[in-house]
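Coordinates in review
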Amino acid sequence: MNVVIDTQTTNRAQLARVGAAAWLVGALAYLIVEKVAADNVKGHYSYIHHYISVLGVPAWGRFAYLMNGAFYLQGAMLFVGAVLVSRAAGRRAVFFLLFALAGTVGYFLVATMHGGSPLAKGDGMQWHMAGALLAFIGGNAAIIAGRGTVARAANVGWWYRIVSLLIALAGFVAFFSLANYNV
């Protein structure tokens, strides 16, 4: 009986580690590619005066395809990690998974419909904006909805839930600041 329980515990711990690794790979790859793309745009890229989406516009830089790939990877790793961590926690975590899926769809839309490019003419920019909205809101809502699931999978205390909540709230503040920002 102990062998079965130990095996289940080991399998859940492995799922949690792989899920966390997926999140780290997605985030690190995104940050590295963002820096490379920002350093290689035509003209000058400013984090203050330009949106990140500009880095995925092919007309703006030779590494736009990498930036779009990073958006796809970040979205995919968000959802894969959420599924694995949910399984590790032994919960269904429906809202966590739904918000993670919304964030993933958002990243995919941002990568596919380039804001500020000829592809965004007509309804393209609306799809791009919808994707950005889903990525921001879905991603931060996933943090809030999944903080208990992740804490359970990682076997950590109450502090993780509070730190996660603060991170998500900071994300929402950043989103609302961006939404009200005029260049």
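In what follows, the accompanying structure is described. Being a predicted model, the structure only gives us computed values, none of them experimental.

Cut-off values and rules
- Residues numbered from 1 in each chain as written.
- Predicted model: local features only at pLDDT ≥ 70, side-chain atom pairs only at ≥ 80, totals over all residues.
- Heavy atoms only, no water.
- Axes fitted to C-alpha atoms, helices over the stretch in contact; angles between N-to-C directions.
- Helix = DSSP H or I, 4+ residues; strand = E, 2+ residues; numbered from the N terminus.
- Left-handed = near helix turned anticlockwise from the far one by under 90°.
- Contact = heavy atoms within 4.5 Å.
- Nonpolar A, V, L, I, M, F, W, Y, C, P; charged D, E, K, R; others polar.
- Patch = residues over 30% accessible without salt bridge, like charges linked within 9 Å, V, L, I, M, F, W, Y side chains within 5 Å.
- Areas by Shrake-Rupley, 256 points an atom, 1.4 Å probe, with all protein chains shown as cover.
- Salt bridge = Lys/Arg side-chain N within 4 Å of Asp/Glu carboxyl O.
- Lys, Arg positive; Asp, Glu negative; His and termini not counted.
- Charge placed at Lys NZ, Arg CZ, Asp CG, Glu CD.
- Core = buried A, V, L, I, M, F, W, Y, C linked by side-chain atoms within 4.5 Å.
- Buried < 20%, exposed > 50% of the residue type's maximum accessible area, 1.4 Å probe, protein only.
- Phe/Tyr/Trp six-rings, centres within 6.5 Å; stacked < 30°, edge-to-face > 60°.

1. A few points about the packing of helix H2 (residues 64–89) against helix H4 (residues 124–154)
Relative orientation and spacing of two packed helices are given, respectively, by the angle between their axes and the distance between those axes. Two elements in contact, H2 and H4, have axes separated by 8 Å at closest approach and are oriented at 60°. In the packing of H2 onto H4, the handedness of the crossing is left-handed. Counting all contacts with H2, which are made through Val85, Ser86, Ala88 and Ala89, the residues of H4 involved are Thr149, Val150, Arg152 and Ala153. Here the contact of H2 with H4 is composed, by residue class, of 5 nonpolar, 2 polar and 1 charged.

2. A closer look at a positive patch on the surface
Taken together, the side chains of Arg12, Arg91, Arg152 and Arg161 make up a positively charged region of the molecular surface. By secondary structure assignment, the location of Arg152 is in helix H4.

3. Some details on a nonpolar patch on the surface
There is a patch of nonpolar side chains on the surface, built from Val94, Phe95, Leu98, Phe99, Leu101, Val105 and Leu134 and spanning about 610 Å² of accessible area. Looking at the nonpolar patch element by element, the count peaks at 6 residues for helix H3 (residues 94–112). With respect to the element layout, Val94 can be found in helix H3.

4. Remarks on the nonpolar core
Of all hydrophobic cores here, the largest spans 29 residues; its most connected members are Tyr45, Leu55, Met67, Phe71, Phe96 and Ala153. In terms of residue count, the dominant contributor to this core is H2 (8 residues). Not counting the four nearest positions on each side in its chain, Tyr45 is found in contact with Ala38, His50, Tyr51, Ile52, Val54, Leu55 and Trp60.

5. Structural notes on the side chain of Asn140
Its place among the elements puts Asn140 in helix H4. Beyond its immediate stretch of four places on either side in the chain, Asn140 contacts Ile167, Ala168, Gly171 and Phe172.

6. Concerning the packing of aromatic side chains
Applying the stated criterion to the full structure yields 8 aromatic pairs. Here the aromatic rings of Tyr30 and Phe71 are separated by 5.6 Å at their centres, their planes lie at 50°, and the arrangement is tilted. Here Phe71 lies in helix H2 and Tyr30 lies in helix H1 (residues 2–39), a separation of 41 residues in the sequence. You can call Tyr30 buried: its relative accessible area is 14%.

7. What to know about the pattern of salt bridges
All chains considered together, the criterion is met by 1 salt bridge. Residues Lys35 and Asp39 are paired through a salt bridge, measuring 3.1 Å at the closest nitrogen-oxygen approach. You can see Lys35 and its partner Asp39 sitting in helix H1, 4 residues apart, about one turn around the helix.

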